[in-house]
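Descriptive analysis of the structure
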Amino acid sequence: MHDLICVILLGIIEGVTEFLPISSTGHLLIAEDFGLGARSDLFNVGIQAGAILAITLIYRTRIWQLLTQWRERSNRDYLCKLLVAFFITCVLGVVVTHYGFKLPETITPIAWALLLGGFWILAAEAVAARQVDRKEITWRVAILVGIAQIVAGIFPGTSRSGATIFTAMLAGTSNRPAATEFSFLVGIPTMYAATGYELLKVLKHGGAAHEDWTALIVGFVVSLVVAFIVVKWLLGYIRTHRFTWFAIYRIVLGAALLLLIPTGA
């Protein structure tokens, strides 16, 4: 029963944090270190897949529109920018993976990423507030968002959604809902590709042989349901609110971890 509760809590944490700009990787690591226990790579991939499916379901109408009405110039232009951002992420991802450019997933670098990311959000909001409300996704935004996804992958705790949303806002898409939609849509193929890659690695090395499939299924379902609810709430929230509270939360959590965790942890 205790293990099932831990699985449910990890699914909730993944569902809540995957698309909020507060870092799912950081929160899962913190949770595992503080009592919920380390899980297999396949489990972590599985619960992330639940969150990805949730965002796919939420944007199913928009995705269908882009795929079936691509002859319309606006849809074709938007789709091309999504593909370019995804392509940039894939190419840089291969380079990063080949050369091993990634910080260790330990508390100290994650704490710094949370802290600095909080100030990044405040800066982006301040810059966007002084701009004319712009919903357009430019080629500059698409290219920089593609790069931002890799930066988030290199620095655990950065938050993929946070890095991409606020890069878009700083690059010219000052409208929060527009920047968020592009971030989430480009994240769908990116995260499916990353999850598929991790899954293949796990299966190749025999990681599925001794997997607790009941726990994985429970975590997947919990993550799916929670992520669906959280993203629906977030999309309504950002129409009338800034991301300021998320920034404050990151700064406080990052500072607290740096003060409480022994050096080198």
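Scroll up to find the structure.
Residues numbered from 1 in each chain as written. Predicted model: local features only at pLDDT ≥ 70, side-chain atom pairs only at ≥ 80, totals over all residues. Heavy atoms only, no water.

1. A look at the overall build of the chain
Test applied: Going along the chain from the N terminus, every DSSP run of H or I of four or more residues is numbered as a helix, and every run of E of two or more is numbered as a strand. Computation of the radius of gyration draws on C-alpha atoms, with the globule rule given as 2.2 Å multiplied by the number of residues to the power 0.38. Accessibility here uses a 1.4 Å probe with only protein chains present; expressed as a share of the type maximum, an area under 20% marks a residue as buried, one over 50% as exposed, and anything in between as partly exposed. Two residues form a contact once any of their heavy atoms are found within 4.5 Å.
A count of helical and extended segments in the chain gives eleven helices and zero strands. Counting helices and strands in the order they occur from the N terminus, the chain gives α-α-α-α-α-α-α-α-α-α-α. A compact globule built from 265 residues should have a C-alpha radius of gyration of about 18 Å, and the chain, at 18 Å, falls within 12% of that. For the chain, the C-alpha atoms occupy an extent of roughly 50 × 40 × 40 Å along the three principal directions. Burial statistics for the chain: of 265 residues in total, 49% are counted as buried. A sequence separation of at least 24 residues applies to 83% of the contacts in the chain between residues at least 6 apart.

2. Regarding helix α3 (residues 41-58)
The condition is simple: The span you would expect from a helix comes to 1.5 Å times its residue count less one.
For α3, built from 18 residues, the straight-helix expectation of 26 Å at 1.5 Å per residue is met to within 8% by its first-to-last C-alpha distance of 26 Å. Taken together, the buried positions of α3 are Leu 42, Phe 43, Val 45, Gly 46, Ile 47, Gly 50, Ala 51, Ile 52, Ala 54, Ile 55, Thr 56 and Ile 58. Against α1 (2-17), α2 (24-36), α4 (60-68), α9 (176-204) and α10 (213-237) lie the buried residues of α3.

3. A closer look at the nonpolar core
Here is the rule we go by: Joining through side-chain atoms within 4.5 Å is the link that ties buried Ala, Val, Leu, Ile, Met, Phe, Trp, Tyr and Cys residues into a set, and such a set is a nonpolar core.
In terms of nonpolar packing, the biggest core is built from 46 residues, with Phe 182, Phe 184 and Phe 243 touching the most fellow members. When residues of this core are traced back to their parent elements, those giving at least two are α3, α5 (73-99), α6 (107-129), α7 (139-154), α8 (160-171), α9, α10 and α11 (244-260). Per-element accounting of this core gives the leading share, nine residues, to α10. Contacts of Phe 243, omitting those with residues within four sequence positions, involve Pro 21, Ile 121, Glu 125, Ile 165, Phe 166, Arg 176, Thr 180, Leu 234 and Ile 238. Membership of the second largest hydrophobic core comes to 13 residues, among which are Leu 28, Leu 42, Val 202 and Leu 216.

4. What about the packing of aromatic side chains?
The criterion, for reference: Aromatic pairing here means that ring centres of Phe, Tyr or Trp (its six-membered ring) are within 6.5 Å. Orientation follows from the plane angle: under 30 degrees is stacked, over 60 is edge-to-face, and everything else is tilted.
Following the criterion strictly, the structure yields eight aromatic pairs and no others. Here Phe 166 and Phe 243 contribute two aromatic rings whose centre-to-centre distance is 4.9 Å and whose plane-to-plane angle is 85 degrees, an arrangement assigned as edge-to-face. Placement of Phe 166 in helix α8 and of Phe 243 in the loop between α10 and α11 is noted, with a sequence separation of 77 residues between them. Just as Phe 166 is buried, Phe 243 falls in that class too. Aromatic side chains Tyr 237 and Phe 246 sit 6.1 Å apart centroid to centroid with 80 degrees between the ring planes, which places their arrangement in the edge-to-face category.

5. What about unusual backbone geometry?
Even without being a glycine, Ser 23 presents a positive backbone phi close to 80 degrees. With respect to the secondary-structure elements, Ser 23 resides in the loop between α1 and α2. Look at Ser 23 and you get buried, because its relative accessible area is 2%. For Ser 159, which is not a glycine, the phi torsion comes out positive at approximately 85 degrees. Among the structural elements, Ser 159 can be located in the loop between α7 and α8.

6. Quick word on the pattern of salt bridges
Any two side chains of opposite charge can pair, on the condition that their charged atoms come close. We count it as follows: We count a salt bridge whenever a side-chain nitrogen from Lys or Arg sits within 4 Å of a carboxyl oxygen from Asp or Glu.
Applying the stated rule across the entire model yields four salt bridges. Residue Glu 181 is joined to Arg 62 by a salt bridge in which the shortest nitrogen-to-oxygen separation is 3.6 Å. You can see Glu 181 sitting in helix α9 and its partner Arg 62 sitting in helix α4, a full 119 residues away along the chain. Residue classification places Glu 181 among the partly exposed residues on the basis of a relative accessible area of 22%. Note that Arg 176 and Glu 125 form a salt bridge whose closest N and O atoms lie 3.3 Å from each other. Taken together, the residues span a long stretch of sequence, with Arg 176 in helix α9 and Glu 125 in helix α6 at a distance of 51 residues. Judged by its relative accessible area of 3%, Glu 125 falls in the buried class.

7. Focus: the packing of α4 against α9
Put simply, the rule is: Geometry is summarised by axes, namely lines fitted to C-alpha atoms with helices restricted to the contacting stretch, and by angles between N-to-C directions that run from 0 to 180 degrees. Geometric relationships in this document are graded by angle, where less than 35 degrees denotes roughly parallel, more than 145 denotes roughly antiparallel, 65 to 115 denotes roughly perpendicular, and other angles denote oblique.
At a minimum axis distance of 12 Å, the contact between α4 and α9 shows a crossing angle of 75 degrees. In terms of axis orientation, α4 runs roughly perpendicular to α9. Contacts between α4 and α9 involve Arg 62, Ile 63 and Leu 66 from the former and Glu 181, Leu 185 and Ile 188 from the latter.

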